[in-house]
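Spelled out, the chains give:
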Amino acid sequence: MAKILVTGGAGYIGSHTVVELQKVGFEVVIVDNLSNSNIEVLSGIEKITGIRPAFENIDCVDYVSMDRMFDKYQNISAIIHFAASKAVGESVEKPLLYYRNNLVSLINLLQLMPIHKINNIVFSSSCTVYGQPDILPVTEDAPIKTALSPYGNTKQICEEIICDTIHTNPCYKSIILRYFNPIGAHPSAEIGELPNGVPNNLLPFVTQTAIGLRKQLNVFGNDYDTPDGSCIRDYIHVVDLAKAHVIAVQRMLNQRTKSDVETFNLGTGRGLSVLEVIETFEKVNGVKVPYRIVDRREGDIEKVWADPTYANEVLGWTAVETVEETLRSAWAWELNLAERAKAE
Ligand code: NAD
Ligand code: WQD
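Residues numbered from 1 in each chain as written. Chains lettered and ligands numbered in written order. Predicted model: local features only at pLDDT ≥ 70, side-chain atom pairs only at ≥ 80, totals over all residues. Heavy atoms only, no water.

Peer 1: Please clarify how the overall build of the chain should be interpreted in this entry.
Peer 2: The number of helices and strands found in the chain is eleven helices and 13 strands. For a compact globule of 344 residues, the expected C-alpha radius of gyration is about 20 Å, and the chain comes in at 19 Å, within 12% of that figure. The principal-axis extent of the C-alpha atoms belonging to the chain is close to 55 × 50 × 40 Å. Nonlocal contacts in the chain, meaning residues at least 24 apart in sequence, comprise 79% of its contacts between residues at least 6 apart. For the chain, the accessible area works out to roughly 15,200 Å², and carbon and sulfur atoms hold 50% of it. (Helix = DSSP H or I, 4+ residues; strand = E, 2+ residues; numbered from the N terminus. Rg over C-alpha atoms; globule rule 2.2 N^0.38 Å. Contact = heavy atoms within 4.5 Å. Areas by Shrake-Rupley, 256 points an atom, 1.4 Å probe, with all protein chains shown as cover.)

See below:
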């Protein structure tokens, strides 16, 4: 079976994707510098699939080390490039860190691909490229809006770098996947999201509040133009998201792509408000999430959810997990983390 390089494979979405790749028989090589992840994730993956993936602690920004890595692992068929810095607020404080990490990592890979005869790359993009869309649900041909943060800008620039580069060689193919809001964890609760410090994203804050690590959740605004006044997002189970990467890789390897770059939204097509997330989480897990309404968070989008029709029809992929199951998996993961912390 083909060998796939997964950069950032020790991270949240990467680790779930490694599991799905291994499940269908792909051989996986992870490159990760562990800047936002823990080596323990390899044991989690091994517990689920029975296979410990090859792992290299390398910074994708380091061209020479990446070149050596490609020499070591011959015949890589495709790259899935997750490795990036992703904290929106931090990117405002440290823009150059974000531009350097996210742009140089991608440029190195694109430069090394022809040298090592690799034609295929899947890139992790984000619904953040749409800003506040004029039309909902948002389709792939919606206009790209001015980025609200250096992080968001890196995703836009990376998409452009890919489009400018891929057509220079007729063998190259790229699939750009624009994720909506990934949440939840593997049903085994062996792997999940490991937020660093105080979480910025909603779900880890919800689970940490429910378990008592945080006193209460701040809901950022209830005066938006939405049915209950809180913001709306398209929350997608991370395992559904991971499976789309397997399909994307198979599509490239089977030469079924229709153009040198294809771009897909990965969302459920359902919008859920912050208050609905809290209410459903409490209901399905039988726990309370103390919260209070506070001011809006600067830079927040009021409402966004995907039109996933293109991915449904062309990739044959659909998000299948219910929001209830997704929120149950997030809680099971938090409970597992608490067990581990107790055992230490
Ligand atoms: P994550 O931080 O959990 O995973 C990223 C992994 O990449 C981490 O393990 C980190 O250690 C590694 N990494 C970072 N820079 C590296 C470098 N220079 N060299 C090697 N490894 C490096 O993040 P995630 O949530 O799994 O996100 C994966 C990708 O998806 C990122 O590109 C992110 O921008 C994108 N994305 C994430 C979301 C989200 O909400 N989680 C939404 C849209 C897009
Ligand atoms: C979701 C909703 C908040 C925390 C960010 C990035 C985006 C993408 C995904 C990568 C919003 C509300 C949150 C809290 C709250 N990442 N919220 N209290 O803002 O959709 O997107 O992550 O590409 O680029 O910007 O996700 O999880 O931060 O917020 O009320 O403590 O939850 O206002 O409405 P967001 P999020």
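Resuming the write-up.
Peer 1: Just checking my understanding: could you explain the pairing of strand β4 (residues 76-81) for this structure?
Peer 2: Consecutive side chains of a regular strand alternate in pointing toward one face of the sheet and then the other. Across the six residues that make up β4, a large majority, five, are buried. Note that strand β1 (residues 3-7) and β4 share five bridges and pair parallel. Following the sheet pairing, isoleucine 4 is matched in β4 by alanine 78. Sheet topology places β4 next to strand β5 (residues 120-126); four bridges connect them, and they run parallel. Within β5, the residue paired with isoleucine 80 across the bridge is valine 122. (Buried < 20%, exposed > 50% of the residue type's maximum accessible area, 1.4 Å probe, protein only. Pairing = 2+ DSSP bridges.)

Peer 1: What am I meant to see in the environment of glycine 8 here?
Peer 2: Inspection of the secondary structure assignment puts glycine 8 in the loop between β1 and α1 (12-23). Once you skip the residues sitting within four places of it in the chain, glycine 8 turns out to touch Gly14, Val31, Asp32, Phe82 and Ala83.

Peer 1: So what exactly am I meant to see when it comes to the state of the cysteines here?
Peer 2: Formally, a disulfide is one covalent bond, and it connects the sulfur atom of one cysteine to the sulfur atom of another. Scanning the entire structure with this criterion turns up zero disulfides. Between cysteine 163, a cysteine without a disulfide, and cysteine 158, which holds the nearest cysteine sulfur, the sulfur-to-sulfur distance is 11 Å. Here cysteine 163 falls in the partly exposed class, since its relative accessible area comes to 38%. Unpaired in terms of disulfides, cysteine 231 finds its nearest cysteine sulfur in cysteine 127, a separation of 12 Å. (Disulfide = S-S within 2.5 Å.)

Peer 1: What is the right way to look at the pattern of salt bridges in this model?
Peer 2: A side chain with one charge may pair with a side chain of the opposite charge, provided their charged atoms come close. Within this structure, the stated rule accounts for 17 salt bridges. Arginine 178 is the partner of glutamate 159 in a salt bridge, and the nearest nitrogen-oxygen pair spans 2.7 Å. Of this pair, glutamate 159 sits in helix α6 (residues 150-166) while arginine 178 sits in strand β6 (residues 173-179), and the two are 19 residues apart along the sequence. For glutamate 159, a relative accessible area of 8% corresponds to the buried category. Assessed through its relative accessible area of 5%, arginine 178 is described here as buried. Two residues, aspartate 300 and arginine 233, come together in a salt bridge whose shortest N-O distance is 3.5 Å. Of the two residues, aspartate 300 sits in the loop between β13 (291-294) and α10 (309-315) while arginine 233 sits in strand β9 (residues 232-233), which places them 67 residues apart along the sequence. Taken together, the shared-partner salt bridges in this structure form one network comprising Asp225, Glu302 and Lys303. (Salt bridge = Lys/Arg side-chain N within 4 Å of Asp/Glu carboxyl O.)

Peer 1: Mind showing me how you'd approach the site of ligand 2 here?
Peer 2: Lining the immediate surroundings of ligand 2 are 18 residues, of which Ser126, Tyr151, Asn218, Arg233 and Asp300 lie closest. At 2.9 Å, a side-chain N or O of arginine 297 approaches an oxygen atom of ligand 2. When ligand 2 sits alone it has 690 Å² of accessible area, and the protein chains cover 87% of it. Looking at the shell around ligand 2, its residues break down into nine nonpolar, six polar and three charged. (Near = heavy atom within 4 Å. Polar contact = N/O pair within 3.5 Å; in protein donor to acceptor, adjacent residues only side chain to side chain. Nonpolar A, V, L, I, M, F, W, Y, C, P; charged D, E, K, R; others polar.)

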